[in-house]
2 protein chains.
Amino acid sequence: MSKYCFGVDVGGTTVKLGLFSTEGTLLDKWEIKTRTEEGGTLILPDIADSILAKMNEKGIDKADVAGVGVGVPGPVDKDGIIHNAVNLGWGTFSVKEALQKVIDMPVAVGNDANVAALGEMWQGGARGYQDVVLATLGTGVGGGIIVQGKILNGSIGAAGEIGHIHVEDNETDSCGCGNVGCLEQYASATGVVRLANKKLASCDTPSVLRGIEVTAKDVWDAVKAGDALAIEVADQFGWYLGRAFANIGNVVNPEIFVLGGGVSKAGNILIEYVKKYYKPYAFHASREVLFGLATLGNDAGIYGSAKMVLND
Amino acid sequence: MSKYCFGVDVGGTTVKLGLFSTEGTLLDKWEIKTRTEEGGTLILPDIADSILAKMNEKGIDKADVAGVGVGVPGPVDKDGIIHNAVNLGWGTFSVKEALQKVIDMPVAVGNDANVAALGEMWQGGARGYQDVVLATLGTGVGGGIIVQGKILNGSIGAAGEIGHIHVEDNETDSCGCGNVGCLEQYASATGVVRLANKKLASCDTPSVLRGIEVTAKDVWDAVKAGDALAIEVADQFGWYLGRAFANIGNVVNPEIFVLGGGVSKAGNILIEYVKKYYKPYAFHASREVLFGLATLGNDAGIYGSAKMVLND
């Protein structure tokens, strides 16, 4: 019976690592630099060295380790092949096989957004549930879908790309992905600021948001303070995200939607606006769903990676 | 090693039954009446009697049967509990346990639309694929989603309700479900007729559809004959279904979308109109997906039910 597992979250600048008990307690966490030079070929050996050094430091045997889970910023297909993680300098190869070779322990690999959803299910805002949708509202909108306790990867690792659900036919600006009218254009931090700036330019309503360089936090603080213009922006945010969730609900029928990422720091007030538009657009069978906030912050990735190797 | 399995598709008026080899050959099929009287309590004993009689007729032993799969018209949760199949007079109970008790063989139960998708994956239009979305375009729009060869049921059996994805903000008429702007209002047989009648009323364009009681088949026949007004209707149909598929693609990332139901008899021309609007709305990672037509017709349910018991 294994006692430990490792969770690794590979980002473009740092790699986060966590040592967990198999029950889900984070025992230690640390970071190393992501060395993207030389086509990213140093990244996996660096991770292996760091984990083996930690095991040495703690006196942990390989026999006591269930394995190493790794979340990576790119699509991972069902065979563990990553396809073009450009931030890391990586092309297409099996991260699972490559890391296993250097570390000689079981390895599981997943997309970072999907892995974060698994982390929130295991020990975060969706603890106790098995069918979960996580929306990570940061600079962009990421997503992860958990079905019966496991990550839904999709045929080529592109499931859960909920930021690019089309929600606005009348949009003229392009999303970063090249499409027009994507959820990310309205529900990300950038999107909320964009909605606020458009609203400010379109009317003369007095607002605490006038004359400042607006951030998403400013908008939600203003909503909490009762600012009428900010409340209109929150309502637009809720209309976009609530309808997108209703459509996701009709496809995968989760038990709970969890909001994570920087925007979610605004707290439960987000959920009020999302719920307002979820209910009228959801099919009756999916209407009674729960909404919650992510609780693991930047650690969701290491939690989810560790859980992934336990799921295998 | 089992040689046979049974697939059962319970409808409101008839129950379809099929005897299959475990390799997927339909060896015999037949129907019995659905006796909905007495709260539907006769339905499962009737099915058991009919299967046991067929085994007797063919000289098949229970030891040679993998089990009996049953598709039912209502939501089935992950524990095999059906919730209010009103067409059958059923409330909430475990169909799996109830049928197992009378037939003394393994039983698997699923929602009929989801089961049909599994059938098309096993021996129909999605044969050879493992990640499939089936859209059944009939009187309404049903759907079924297959992930890695298995049905995606959702937390309370409401996954795959793609007919109720919201696709039109400017709709004023209500869908049968009570919401407004559901895919079913545009992509079902009824929906295509509705689009055609609206188009006919809105302009004076000459059309073979004028002066007749339009059916969905009339519309697609007219499209094939080059009728300009019918082509505009087909374009609207494609716009709604293509965008809905793009959003589904961003959530579950299938290998193939399959079109079934009465409307799909129009053939590959439907796919042209759907593809036209799928591509610009799909996220780039999900853009290269396949489209196909269902091939099993009304037998999809018995195929899928039989496969479901083999999956267990």
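1. A few points about the overall build of chain A
Looking only at helices and strands, one finds 9 helices and 12 strands in chain A. Taken against the 2.2 N^0.38 rule, which gives 20 Å for 312 residues, the C-alpha radius of gyration of chain A at 20 Å falls within 12% of a compact globule. Judged by the C-alpha coordinates and their principal axes, chain A covers about 65 × 45 × 35 Å. Sequence separation of 24 or more characterises 63% of the internal contacts of chain A that already satisfy a separation of 6 or more.

2. Points about the interface of chain B and chain A
Tallying the contact residues gives 36 residues for chain B and 37 residues for chain A. With 7 residues, helix α7 (residues 228–252) of chain B is the largest single contributor of residues to the side of chain B that touches chain A. Each residue belonging to the side of chain B that touches chain A can be placed in one class, and the counts come to 19 nonpolar, 12 polar and 5 charged.

3. Focus: the sheet that holds strand β11 (residues 256–260) of chain A
Residue and element names in this part refer to chain A. Spatial strand order, β10-β9-β8-β11-β12: 5 strands in an open sheet with mixed pairing. The sheet is open, and its two edges are formed by β10 (150–151) and β12 (290–293), each paired on a single side. Pairing geometry for strand β8 (residues 132–137) and strand β9 (residues 141–147), over 6 bridges, is antiparallel. Note on β9: the bridge partner recorded for valine 132 is isoleucine 146. The strands touched by helix α8 (residues 268–281) are β11 and β12; relative to β12, the strand with the most contacts, the crossing angle is about 150 degrees.

4. Observations concerning the nonpolar core
Core analysis: the biggest nonpolar cluster contains 220 residues, and Leu183 and Val219 of chain A together with Leu183 and Val219 of chain B have the highest contact counts within it. For valine 219 of chain A, the residues in contact, after removing those within four places along its chain, are Val192, Ala196, Leu209, Val214, Ala230 and Val233 of chain A.

5. Observations concerning the pairing of strand β9 (residues 141–147) of chain B
Residue and element names in this part refer to chain B. The buried fraction of β9 is high, at 7 of 7 residues. Between strand β8 (residues 132–137) and the antiparallel strand that follows it, β9, lie 3 residues. In terms of strand pairing, β9 meets strand β10 (residues 150–151) through 2 bridges, oriented antiparallel. Looking across to β10, one finds that valine 147 is bridged to lysine 150. The turn linking β9 back onto β10 is made up of 2 residues, and glutamine 148 within it adopts a positive phi angle of 50 degrees.

6. With respect to the environment of valine 193 of chain B
Residue and element names in this part refer to chain B. Examined against the element boundaries, valine 193 turns out to sit in helix α5 (residues 189–202). Valine 193 sits in the partly exposed class, given 19 other C-beta atoms within 10 Å. Separated by 126 residues in the primary sequence, valine 193 and glycine 67 place their C-alpha atoms 42 Å from one another. Those residues within four positions of valine 193 in sequence are excluded, and the remaining contacts are Val214, Thr215 and Ala216.

7. Description of the relation of the copies chain B and chain A
Each of the two chain copies can be generated from the other by rotation about an axis followed by a shift along it. For the pair chain B and chain A, the relating rotation is 180 degrees, the translation along its axis is 0.0 Å, and the fit reaches an RMSD of 0.0 Å. The operation mapping one copy onto its partner corresponds to a two-fold rotation axis. Counting the interface residues of chain B, we find that 100% of their copies in chain A are interface residues as well, pointing to one common contact surface.

8. So, the sheet that holds β10 of chain B
Taking strand neighbours across the sheet as the criterion, the 5 strands line up as β10-β9-β8-β11-β12 (chain B) in an open arrangement whose pairing is mixed. Strands at the two margins of the open sheet, each flanked by one partner only, are β10 and β12 (290–293) of chain B.

9. Observations concerning the domain arrangement of chain A
Residue and element names in this part refer to chain A. As assigned here, chain A comprises domain 1 (4–122 + 299–311) and domain 2 (130–294). Centre-to-centre, using C-alpha coordinates, domain 1 lies 29 Å away from domain 2. Sorting the residues of the side of domain 1 that touches domain 2 by element identifies β7 (107–111), α3 (112–123) and α9 (300–311) as the ones contributing at least two each. Element by element, the count of residues in the side of domain 1 that touches domain 2 is highest for α3, at 7 residues. Grouping the amino acids of the side of domain 1 that touches domain 2 by side-chain chemistry returns 9 nonpolar, 5 polar and 3 charged.

Conventions used here
Residues numbered from 1 in each chain as written. Chains lettered and ligands numbered in written order. Predicted model: local features only at pLDDT ≥ 70, side-chain atom pairs only at ≥ 80, totals over all residues. Helix = DSSP H or I, 4+ residues; strand = E, 2+ residues; numbered from the N terminus. Rg over C-alpha atoms; globule rule 2.2 N^0.38 Å. Contact = placed C-beta atoms within 7 Å. Nonpolar A, V, L, I, M, F, W, Y, C, P; charged D, E, K, R; others polar. Pairing = 2+ DSSP bridges. Axes fitted to C-alpha atoms, helices over the stretch in contact; angles between N-to-C directions. Core = buried A, V, L, I, M, F, W, Y, C linked by C-beta atoms within 7 Å. Buried ≥ 20, exposed ≤ 12 C-beta atoms within 10 Å, placed from the backbone. Least-squares fit on C-alpha atoms with pLDDT ≥ 70 in both. Domains from an automatic or database assignment.

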